[in-house]
Amino acid sequence: MVTISLCMIVKNEESVLARCLETVKDWVDEIIIVDTGSTDRTRDIALTYTKHVFDFEWIDDFAAARNFAFSKATGMYCMWLDADDVILPEDQTAFRHLKKTLTPNVDIVMIKYHTAFDQNGKPTFSYYRERWIANYRGYRWEGAVHEVIPPVGQVIYYEEAAVSHKKIQTMDPERNLRIFEKLIGQGAQLDARQQFYYARELYYHKRYEDAIENFTKFFDREDGWVENQIDACKLTAECAYQLGLYNKALCALFQSFIYDEPRAEICCEIGRYFMDRNAYIQAIYWYREAARKERRDVNGGFVEPDCYDYIPYMQLCVCYDKLGQYDIADNYNEKAGQCKPESKAYLFNKQYFQQKLAKS
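This write-up is about the structure you can find in this document.

The rules behind the values
- In this convention, every chain numbers its residues from 1, walking through the sequence in written order.
- Per-residue local features are limited, in this predicted model, to residues with pLDDT of at least 70; the limit for side-chain atom pairs, both in listing and counting, is 80 or more; totals at the level of whole chains, interfaces and linings are taken over all residues.
- Side-chain numbers here rest on the full set of heavy atoms in the structure, without hydrogens or water.
- Helix and strand definitions here come from DSSP, where helices need a minimum of 4 consecutive H or I residues and strands a minimum of 2 consecutive E residues; each element is numbered from the N-terminal end.
- As a reference, a globule follows 2.2 Å times the number of residues to the power 0.38, and the radius of gyration itself is taken over C-alpha atoms.
- Areas reported as accessible are Shrake-Rupley estimates using a 1.4 Å probe. Residue values count occlusion only from the protein chains shown.
- Two strands are counted as paired when DSSP detects at least two bridges linking them.
- Residue contacts are defined here by distance: any two heavy atoms, one from each residue, within 4.5 Å place the two residues in contact.
- In this analysis an axis means a line fitted to C-alpha atoms, helices contributing only their contacting stretch, and an angle means the value between N-to-C directions, from 0 to 180 degrees.
- In this scheme, a residue with accessible area under 20% of its type's maximum is buried, one over 50% is exposed, and one in between is partly exposed, where area comes from a 1.4 Å probe on protein chains only.
- Geometry of aromatic contacts follows a simple scheme: Phe, Tyr and Trp rings, the Trp one being its six-membered ring, pair when their centres are within 6.5 Å, and the pair is stacked under 30 degrees between planes, edge-to-face over 60, tilted otherwise.
- The pocket and cavity definitions rest on a 1 Å grid over protein atoms only: a 1.4 Å probe that fits but cannot leave marks a cavity, an open set with protein on both sides within 12 Å along at least five of seven lines marks a pocket, and residues lining either have an atom within 4 Å of a point.
- Grid points are joined across faces, edges and corners, and a volume is the space filled by probe spheres set on the points.
- Charged means Asp, Glu, Lys or Arg here, nonpolar means Ala, Val, Leu, Ile, Met, Phe, Trp, Tyr, Cys or Pro, and polar covers whatever is left, Gly included.
- By definition here, a helix of n residues has an expected span of 1.5 Å times n minus one.

### Some remarks on the overall build of the chain
- Scanning the chain from N- to C-terminus turns up 14 helices and eight strands.
- Whereas a compact globule of 360 residues would reach a radius of gyration of roughly 21 Å, the chain reaches 23 Å, a difference of no more than 12%.
- Based on the C-alpha atoms only, the size of the chain along its principal axes is roughly 70 × 45 × 40 Å.
- Split by element, the accessible area of the chain, about 17200 Å² in all, is 49% carbon and sulfur.

Next comes the structure, spelled out in structure tokens:
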């Protein structure tokens, strides 16, 4: 059986650290906590779970801090978590099994990361991250912000069980953008991945024109990852929407087809464009396309599961209702209800169509 060293970097996480560690303490072999300058009880809490608590001076570089944490690990694999991550009971069971069955020739285990949830706790946004990394094989974190270990190696394994990101407090919203702009001010040349994330930070900060400019710089590179290219098209479109440049938004969505076949997330956005213009026939085409798409989580891109069923079904319901085809609309509402039986929109529509169809 392989051994696992949990490696974490923390700062002022007294509200969530114990919650996180309680979900892993019984099945990881070692816990490494690196504190980057806490002024609350974080360090004291960490010491109740492990004696391996280290200090690291924060230098605006997440990769440097994570590499320091990994350097302290003695297990066969290093596993990283953020303090506001948890592993749900069913996923803990899966990880225990994986630990027993994983063959040591595996270089990296890619594990799903759920980062947004609906009112019932169902993931609405997820993607794969490198989560268990073979120790002593020279893997290094890269990137001061949105750090990554490039998933390269002889054997990469994809695990269906997930880590769930359950944030309960807002951290410094300016931190990532501040680090990027500090790097740029120092003359640093961003690699393709960092260029993408810098543009995304500009989008999050509603600097839409700056974001479009930097997404364009990302598109001009030849070494961008295809999943980032597709997501950059979607985010460029959203920036254009916010600026009232609707045709530019549509062009950005269609640009994604250069990189790969249409994704359900893109199809839903194109459907939205036509629906906003009451062009219901065109919208129907794209929402149907979205509902036909197969999820390909192992590609590593950002996945919005609802775009593959619930959202297109609900929007098809609306489109057919607008066209007066109530029986078809009701059918799509029922499909949406199969995805989310407690959805308020589904339940409202169900009552609406019962009345509408009773009169016809």
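### Comments concerning the sheet that holds strand β5 (residues 85–86)
- The strand order across the open sheet built from eight strands is β3-β2-β1-β4-β7-β6-β8-β5, with neighbouring strands paired in mixed fashion. The sheet is open, and its two edges are formed by β3 (53–55) and β5, each paired on a single side.
- Sheet topology places strand β2 (residues 30–35) next to β3; three bridges connect them, and they run parallel. Within β3, the position partnered with I33 by the bridge is V53.
- Strands β1 (4–10), β2, β3, β4 (77–80) and β7 (123–134) of the sheet are contacted by helix α3 (residues 62–71), whose axis makes an angle of about 145° with β1.
- Contacts from helix α4 (residues 89–101) reach β1, β6 (108–117), β7 and β8 (156–165) within the one sheet, and its direction differs from that of β8 by about 150°.

### A look at the pairing of β4
- A two-sided burial pattern is seen for β4, the buried positions comprising Y77 and M79 on one face and C78 and W80 on the other.
- Bridging between β1 and β4 involves four bridges; their strand directions are parallel. When the sheet's bridge partners are listed, S5 is paired in β4 with C78.
- The sheet contact formed by β4 and β7 spans three bridges and is antiparallel. Directly across from Y77, in β7, lies its bridge partner A134.

### A closer look at the packing of aromatic side chains
- For the coordinates displayed, the defined rule picks out 31 aromatic pairs.
- For the ring pair W80 and Y113, a centre distance of 6.1 Å and an interplane angle of 80° mean the geometry is edge-to-face. Here Y113 lies in strand β6 and W80 lies in strand β4, a separation of 33 residues in the sequence.
- For W80, a relative accessible area of 2% translates into the label buried.

### Focus on the layout of surface pockets
- Here the second largest pocket defines a volume of roughly 240 Å³.
- Along the wall of the second largest pocket there are 21 residues; nearest its centre are E227, R263, E265, F302 and Y308.
- Elements with a minimum of two residues in the lining of the second largest pocket: α8 (226–242) and α10 (264–276).
- Looking at the lining of the second largest pocket, the element that brings in the most residues is α8, giving four residues.
- Class assignment of the residues belonging to the lining of the second largest pocket gives a composition of seven nonpolar, three polar and eleven charged.

### Here we look at α8
- Counted at 1.5 Å a residue, the expected span for α8 with its 17 residues is 24 Å, and the 25 Å between its end C-alpha atoms agrees.
- Across the 17 residues of α8, 15 count as buried, placing the element largely inside the fold.

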